[in-house]
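# Summary of the model geometry
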Amino acid sequence: MTPGDESVAESARAVHQGASAVRRVEAALAHLAETEPRLHAYLHVRADGALADAAELDRLGPEARAALPLAGVVVAVKDNLVLKDTPTTAGSKILEGYRPPYTATAVARLQAAGALVIGKTNLDEFAMGSSTEHSAYGPTKNPWDVTRVPGGSSGGSAAAVAAGTALVALGSDTGGSVRQPAAFCGVVGLKPTYGRVSRYGLLAFASSLDQVGPLGRRVADVAQVFQVMAGRDPHDATSVEGPPGGPVLDATGSLRGLRVGVVGSQRDQAGPEARTALDEAVVALSDQGAVVSEVDLPHSRYGIAAYYLVAPAEASSNLARYDGVRYGVRGEGQDLAEVYLHTRGEGFGTEVKRRILLGTFALAEGYYDAYYLKALKTRTLLAQDYRAAFRSVDVLLTPTVPETAFRLGEKLEDPWAMYQSDVMTVGANLTGLPALSLPWSVTAGGLPTAIQLTAPWLEEARLFSTAAALEASRAQPWTGPAGEGRGAS
Ligand code: GLN
């Protein structure tokens, strides 16, 4: 048995009833030893730490265990979220050897609920990328086809869940980094409303866009983990408390009267497989009583341009702290300027340098109005588009990505092509809206497709109930990738 075979609720219930948490971690580690040489989903495996945490859990009495909603649930954490005394690199050479003195709130809340962190997962350096190929420690492979990318930047987390080495994983989503890899790896991924999950302990990329989000094999798993980590945190001034009661999963599966808006322009941008998936989802929604119409987000065509100004601008400022003095690796130099030059010149990879240059340029005097300010205005117009759309519909439906997982190396030399992978995901980040990616079908070529649902602010519950109904209506019962010991048998 691997962690991915059971649901979060089943796993926790078993441990509540006395099943050994240590046994669960041992099984996960054994499975990981088998899959990791092929996939490279992890940058650090926390074998001893996870076993020690599990042993502590096993020593608790039945009442104390039962009070832990995620008792013994094996989770993986993206390596840009800090975990006290555990190596955290953000996929960058510049943080090699860094052991943070504190734990991110999202991770701490999962641990306090009984979850066991099995390891830190691979990512594009500082979460900048869409394929995990920009990791300084080598790419992760897609468990469905190891010649393909798992997506990014949370590619390690998505691959870990798809391969079943973790039941759920945490990622971060600044422009699509939870949802796009979730789509490429056939798992569920949620980007919560901006502020719904604390960013304390998430290494900042673009602070006005960053959100921590869960990935899992089922909608219910993602909803449960989200519920545990969401909420106000005094350490993050932008964090908010959601509606009381938390997310509700409508088990009846009926979508009668739900108004769904298909974003026409994004349907047109989709490749044939993504479009087929979308059209099938529309039929499934209509069959369950939802009222589907087409809506327009006129400014969404400027989304990528606005995102690739705002995100690099914020990144250029956020990454100024990696100076070789306070964290990680330090380059040699005669004076301070030379130390900075060598630390940053050698410590950062090409894509990170590209973003810092782009962002610095966009913020420079004389260019600020032409680029950064214009991007901010676009952001406002886009938010108005969504607000107008939500006057006539309850949720929006689009593909998550225009295509299925691409080949390793395919877009590495062409940043513009790589950036296009985010064309359907950046809208939710620029506007702060919650969005969820749901795996939908498997193509003739054996790769997963996905659809994306977007809801108004703080309406995660609506995403969960809609996605759960769609999940239950899928043509094939969902299986993981074949070849990882847990595909269709
Ligand atoms: N792929 C996007 C980028 O490269 C999004 C990254 C993210 O969400 N962290 O910026």
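Look above for the structure.
Overview of the structure. Owing to the predicted nature of the structure, the values given are computational and were not obtained by experimental measurement.

Criteria and cut-off values
Residues numbered from 1 in each chain as written. Predicted model: local features only at pLDDT ≥ 70, side-chain atom pairs only at ≥ 80, totals over all residues. Heavy atoms only, no water. Core = buried A, V, L, I, M, F, W, Y, C linked by side-chain atoms within 4.5 Å. Buried < 20%, exposed > 50% of the residue type's maximum accessible area, 1.4 Å probe, protein only. Helix = DSSP H or I, 4+ residues; strand = E, 2+ residues; numbered from the N terminus. Pairing = 2+ DSSP bridges. Axes fitted to C-alpha atoms, helices over the stretch in contact; angles between N-to-C directions. Contact = heavy atoms within 4.5 Å. Phe/Tyr/Trp six-rings, centres within 6.5 Å; stacked < 30°, edge-to-face > 60°. Lys NZ or Arg CZ within 6 Å of the ring centre and 35° of its normal. Near = heavy atom within 4 Å. Polar contact = N/O pair within 3.5 Å; in protein donor to acceptor, adjacent residues only side chain to side chain. Areas by Shrake-Rupley, 256 points an atom, 1.4 Å probe, with all protein chains shown as cover. Nonpolar A, V, L, I, M, F, W, Y, C, P; charged D, E, K, R; others polar. Expected span 1.5 Å × (residues − 1). Bend = angle between axes of the 7 residues up to and from the residue. Parallel < 35°, antiparallel > 145°, perpendicular 65-115°, else oblique. Salt bridge = Lys/Arg side-chain N within 4 Å of Asp/Glu carboxyl O. Left-handed = near helix turned anticlockwise from the far one by under 90°.

### What to know about the nonpolar core
In globular proteins that are soluble, nonpolar side chains generally tend to be buried together. Grouped together as the largest cluster of nonpolar side chains are 107 residues, with contacts concentrated most on Phe-126, Leu-170, Leu-396 and Leu-397. Broken down by element, the residue count for this core peaks at eight residues, all from helix 11 (residues 303-318). Core analysis: the next-biggest nonpolar cluster, separate from the first, contains 32 residues, Ala-28, Leu-57, Cys-185 and Leu-215 among them.

### Re the sheet that holds strand 8 (residues 291-295)
Across the sheet, which stays open at both edges, the 11 strands sit in the order 1-3-2-4-6-5-10-11-9-7-8 with mixed pairing between neighbours. Either end of the sheet is taken by a strand with one partner, and the two such strands are strand 1 (42-45) and strand 8. Between one strand axis and the next, the sheet turns through 30° on average, direction left out of account. Note: strand 2 (residues 74-78) against strand 3 (residues 116-121), five bridges, orientation parallel. Considered in strand 3, the bridge of Ala-76 is made with Gly-119. Seen against the sheet, helix 8 (residues 219-229) touches strand 4 (168-173), strand 5 (188-191), strand 6 (211-216) and strand 10 (435-442) and runs at an angle of roughly 145° to strand 6.

### Let's talk about the environment of Leu-68
Tracing the sequence through the fold places Leu-68 in the loop between helix 4 (62-66) and strand 2. Under the relative-accessibility criterion, Leu-68 is labelled buried at 15%. In this structure, the C-alpha to C-alpha distance between Leu-68 and Val-339, residues 271 residues apart in sequence, is 48 Å. If we ignore the near neighbours within four places in the chain, the residues touching Leu-68 are His-16, Leu-57, Leu-60, Ala-112, Ala-113 and Gly-114.

### Comments concerning the packing of aromatic side chains
A full pass over the atoms with the stated rule returns 14 aromatic pairs. Each ring, one from Tyr-322 and one from Tyr-327, has its centre 5.7 Å from the other, and the planes form 45°; the classification is tilted. Given the relative accessible area of 4%, Tyr-322 is considered buried. Look at Tyr-327 and you get partly exposed, because its relative accessible area is 27%. Plain terms: the ring middles of Phe-361 and Tyr-371 are 5.8 Å apart, the flat faces sit at 45° to each other, and that makes the pair tilted. Of this pair, Phe-361 sits in helix 13 (residues 350-363) while Tyr-371 sits in helix 14 (residues 369-392); the two residues are 10 residues apart in sequence, bridging distant segments of the chain. Among the residues examined, Tyr-371 registers a relative accessible area of 33% and is labelled partly exposed. Above the face of the Phe-406 ring, Lys-411 is positioned so that its terminal group lies 4.9 Å from the ring centre.

### A few points about the site of the ligand
As a structural note, the neighbourhood of the ligand is formed by 15 residues, with Thr-174, Gly-175, Ser-177, Tyr-307 and Arg-355 the closest of them. One of the backbone N or O atoms of Thr-174 is found 2.7 Å from an oxygen atom in the ligand. Tyr-308 is positioned with one of its side-chain polar atoms (N or O) 3.3 Å from an oxygen atom of the ligand. Across the complex, the protein chains shield 100% of the 290 Å² of accessible surface that the ligand would expose by itself. In terms of residue class, the shell around the ligand is made up of five nonpolar, seven polar and three charged.

### Brief notes about helix 2 (residues 21-39)
The terminal C-alpha atoms of helix 2 lie 25 Å apart, and with 19 residues this matches the ideal 27 Å at 1.5 Å per residue to within 8%. Of all the bends found along helix 2, the most pronounced is centred on Ala-33 and spans about 35°, while Pro-37, a proline, follows it within four residues. Residues of helix 2 that are buried: Ala-21, Val-22, Arg-24, Val-25, Ala-27, Ala-28, Leu-29, His-31, Leu-32, Thr-35, Glu-36 and Leu-39. In this fold, the buried residues of helix 2 make contact with helix 1 (8-16), strand 1, helix 3 (47-59), strand 2, strand 3 and helix 6 (155-163). Once helix 2 finishes, His-40 follows within two positions and takes phi at roughly 50°, a positive value.

### Topic: the packing of helix 10 (residues 272-287) against helix 17 (residues 460-473)
Relative orientation of the contacting elements helix 10 and helix 17 amounts to 105°, with a least axis distance of 10 Å. One finds that helix 10 runs roughly perpendicular with respect to helix 17. Contacts between helix 10 and helix 17 pair Ala-281, Ala-284 and Leu-285 from the former with Thr-466, Leu-470 and Ser-473 from the latter. Of the residues in the contact of helix 10 with helix 17, the class split is four nonpolar, two polar and no charged.

### A few points about the pattern of salt bridges
When their charged atoms lie close together, side chains carrying opposite charge are able to pair. Using the criterion set out here, one finds 18 salt bridges in the structure. Notably, a salt bridge pairs Glu-26 with Arg-23, separated by 3.7 Å at the nearest N-O pair. Of the two residues, Glu-26 and Arg-23 both sit in helix 2, three residues apart, roughly one turn of that helix. According to the relative accessible area criterion, Glu-26 is partly exposed, its value standing at 39%. Here Arg-267 makes a salt bridge to Asp-279, at a shortest N to O gap of 2.9 Å. Placement of Arg-267 in helix 9 (residues 264-269) and of Asp-279 in helix 10 is noted, with a sequence separation of 12 residues between them.

### Notes on the packing of helix 11 against helix 14
Two elements in contact, helix 11 and helix 14, have axes whose closest approach is 9 Å; the angle formed by their N-to-C orientations is 120°. Here helix 11 is positioned oblique relative to helix 14, judged by the angle of their axes. Note that helix 11 runs across helix 14; the crossing there is left-handed. When helix 11 is examined against helix 14, the residues Ala-306, Leu-309, Val-310, Ala-313 and Glu-314 are found in contact with a partner set consisting of Tyr-371, Tyr-372, Ala-375, Leu-376, Thr-378 and Arg-379.

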